[in-house]
Amino acid sequence: MPRLNALELLPDDDGEAAVRADWQALRDAGLPSQLDHAGATNTPHVTVVAVPALDADDEARAVDLLAPLLPIQVRASGLAVLGRERLTIARLLDVDDPVLRAVLDLRATLEDHAHPGWLAHVTLARRFPRADLQRAVDLLGADDVVLRLTRLRRWDPEAGTVTPLAPPARG
């Protein structure tokens, strides 16, 4: 399976700190955490779409649809558990209708999505053992957290790079 290119929304510094606090709490409890992901580009983010290929037109369309909505305020409203034996734990995000519409409009123009529809979330841990799930739920709790998504970027796994798309880089 090819590695997937992604368009991602990133939180501001306060939002990043809130997500990283969850990552750290999991690690401090001896549980899997996104902090275990050693990649230089690993940072809290919300994946808008993941596909085998993106081109400049796709990037421009993403900017046209999403940049006018930035900053986007979302509420982390609960935990999601995805998978079977090894789980992914994420915080689900409540997003406003204009954001949802923009993401779905963008996704409609792209082929070969990794998943249908869009489940707005921030990943906290992957490859999580099912036996430790209750510990994670108890640890992470159900507190609502407000995040401000302020940037749009592209992740290119083949090049191992991220490219800021919005707001535009200052030169």
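This report concerns the structure included in the present document. (Residues numbered from 1 in each chain as written. Predicted model: local features only at pLDDT ≥ 70, side-chain atom pairs only at ≥ 80, totals over all residues. Heavy atoms only, no water.)

What follows concerns unusual backbone geometry. Backbone torsion omega between Leu70 and Pro71 reads -5°, so that peptide bond is classified as cis. Summarising the element assignment, Pro71 is placed in the loop between α2 (56–66) and β3 (72–83). Note the cis peptide between Ala166 and Pro167, where omega equals -5°. Turning to its location among the elements, Pro167 is positioned in the segment after β7 (161–166). Unlike most non-glycine residues, Asp112 shows phi in positive territory, near 65°. Following the sequence through the fold, Asp112 ends up in the loop between α3 (97–108) and β5 (121–129). By relative accessible area, Asp112 is classed as exposed at 56%. Here the phi dihedral of Arg127 falls at roughly 55°; this positive angle occurs in a residue that is not glycine. Mapping Arg127 onto the fold places it in strand β5. Its relative accessible area of 61% is what places Arg127 among the exposed residues. (Helix = DSSP H or I, 4+ residues; strand = E, 2+ residues; numbered from the N terminus. Buried < 20%, exposed > 50% of the residue type's maximum accessible area, 1.4 Å probe, protein only.)

Counting across every chain of the model gives 9 salt bridges. For Arg61, the salt bridge is made with Asp58, and the minimal N-O distance between the two is 2.8 Å. With a gap of 3 residues between them, Arg61 and Asp58 both fall in helix α2, about one helical turn apart. The partly exposed category is assigned to Arg61, whose relative accessible area is 28%. Classification of Asp58 as buried rests on a relative accessible area of 9%. With a closest N to O distance of 3.7 Å, Arg135 and Asp132 form a salt bridge. What makes Asp132 partly exposed here is its relative accessible area of 22%. (Salt bridge = Lys/Arg side-chain N within 4 Å of Asp/Glu carboxyl O.)

Geometry only, nothing functional implied.
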